[in-house]
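# Topology and contacts: notes
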Amino acid sequence: MTASPTIIPQADPGAGYRAQQAEIDAAVARALSSGWYILGREGEAFEQEFASWLGTSRAVGCANGTDALALILRGLGIGEGCTVATVSHTAVATVAAIEMAGATPLLLDIDPDTYTMDPDELTAVLEDPPPGLPPIRAAIAVHLYGQACDLDPMLEACATNGVALIEDCAQAHGASLGGRRLGTMGAAAAFSLYPTKNLGALGDGGVLATDDFELADRIAAIRQYGWKERYVSAMVGVNSRLDEVQAAILRARLPHLDTGNARRREIAAAYDAALAGGPIAPPARRPGAEHVFHQYVLRAPDRAAMQARLREAGVGTGIHYPVPVHLQGAYRGRVPLGPAGCGETERAAREVLSLPMYPELTEAQVEQICGALSRL
Ligand SMILES: *Cc1c(COP(=O)(O)O)cnc(C)c1O
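Figured I'd write up the structure that's included with this text.

Calculation notes
Residues numbered from 1 in each chain as written. Predicted model: local features only at pLDDT ≥ 70, side-chain atom pairs only at ≥ 80, totals over all residues. Heavy atoms only, no water. Pairing = 2+ DSSP bridges. Helix = DSSP H or I, 4+ residues; strand = E, 2+ residues; numbered from the N terminus. Axes fitted to C-alpha atoms, helices over the stretch in contact; angles between N-to-C directions. Contact = heavy atoms within 4.5 Å. Polar contact = N/O pair within 3.5 Å; in protein donor to acceptor, adjacent residues only side chain to side chain. 1 Å grid on protein atoms, 1.4 Å probe; cavity = no way out; pocket = protein on both sides within 12 Å on 5 of 7 lines; lining within 4 Å. Points joined across faces, edges and corners; volume = space filled by probe spheres on them. Nonpolar A, V, L, I, M, F, W, Y, C, P; charged D, E, K, R; others polar. Domains from an automatic or database assignment.

Each strand in a sheet pairs with its neighbour through backbone hydrogen bonds, running either in the same direction (parallel) or in the opposite one (antiparallel). Ordered in space as β1-β9-β8-β5-β4-β2-β3, the 7 strands form an open sheet in which the pairing is mixed. Both edges of this open sheet fall to β1 (58-62) and β3 (104-108), since each of them pairs with a single strand only. Put simply, the sheet's adjacent strands are angled 25 degrees from each other on average, direction ignored. The sheet contact formed by strand β5 (residues 164-168) and strand β8 (residues 188-192) spans 3 bridges and is parallel. Looking at the pairing, Glu167 lines up with Ala189 of β8. Sitting on the sheet, helix α8 (residues 213-222) is in contact with β1, β8 and β9 (206-210), with an inclination near 15 degrees to β1.

This is the structure:
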């Protein structure tokens, strides 16, 4: 009997910890010994450092990326009686956040090459809203897999129609479009800091960014019971705070984010080269956009077979996402779709396959994966 080969995992948050263990352990010890555990100096410093890295005036930490989106909507006064347009080909979190804020999601189809919102469909629904829906007040642009949406026509359509554009940057920390960082172009942007994201805590975390000081102040109050000052709830709020230990960990990791993204791009280029001339095309790049490869996603019409062959070669894979939001039990038949339906979304859900992608992949692992790709 042959020993089963070790499989290179598709994601490996433990490797990310081990690569920066000394710095992270020191940060954790500092936070623990400070005697202050929620919304303190580490959190404030992280907010400042994150905003200055991103290039926005303000950043506000919160409990997770889903909350970051919901807090932005609440901060903008978008809730019951409002529709928010987004896509069905995304983490369920995007749509869950819209409903948490009390609004109605409207799910549009994607461009099949970049897996991001079809800007023409957004323009069409803003100009001619589907009947029976509350007015569309916001659009959430999901920069999926680490690559920008076709943001310019979306920003233009939103501006023309008085609709807020919110960026879901949960997979796009450090990505850019036309030299501008994603997360700096709409009314506000939400980032998840889940352990496997390009910037990950070692637990839950989220942060939102904006240039609007009043919006940031409002959201900072909403995230803690609507407190203007301690025990004074000036408005209705929630509890969604980033703790000091996670903030300290994030401060240790933020200076490595750009090099981590560069390493992801290097790995992506190696995968591209291994696929060249074969039957499977490498992922499309949007011209003018800098991709940060949260995921490196192939399209495989016979996905199960390809997944099995890669597994035999010791390569783990993932599927992001196997079932579109509008076909999930919790949403099916209940959430409205755009006039075009979600045909491309459904095809993508059947075909997408994500390869291992994280900065700590070793050269030997990348070579092994490339060997398997060149034999597809
Ligand atoms: C991860 C993710 C979220 C949600 O983040 P959490 O921190 O898990 O709440 C939202 N949108 C997208 C596109 C994501 O990938």
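If you trace the backbone, Arg299 turns up in strand β13 (residues 296-299). A distance of 3.1 Å separates a polar side-chain atom of Arg299 from the backbone oxygen of Pro112. Among the polar contacts listed, one links the side chain of Arg299 to the side chain of Glu351, at a separation of 2.8 Å.

Let's shift gears to the layout of surface pockets. As a volume, the largest pocket reaches approximately 840 Å³. What lines the largest pocket is a set of 46 residues, among which Tyr194, Thr196, Lys197, Asn198 and His294 lie closest to the centre. Elements that contribute at least two residues to the lining of the largest pocket include exactly α1 (13-19), α4 (65-75), α5 (92-100), β8 and α10 (257-275). Here the lining of the largest pocket takes 6 residues from α10, the largest share from any one element. Here the residues of the lining of the largest pocket are counted per class, giving 17 nonpolar, 21 polar and 8 charged. Here the lining of the largest pocket spans two domains, and each of domain 1 (16-253) and domain 2 (256-374) adds at least three residues to it. In this model, the second largest pocket occupies a volume close to 600 Å³. At the level of secondary structure, the elements contributing two or more residues to the lining of the second largest pocket comprise α3 (41-54), β1, α8 and β10 (227-229). Counting residues per element, the lining of the second largest pocket draws most heavily on α3, at 5 residues. Each residue belonging to the lining of the second largest pocket can be placed in one class, and the counts come to 10 nonpolar, 5 polar and 9 charged.

Function-wise, these values are silent; they only describe arrangement.
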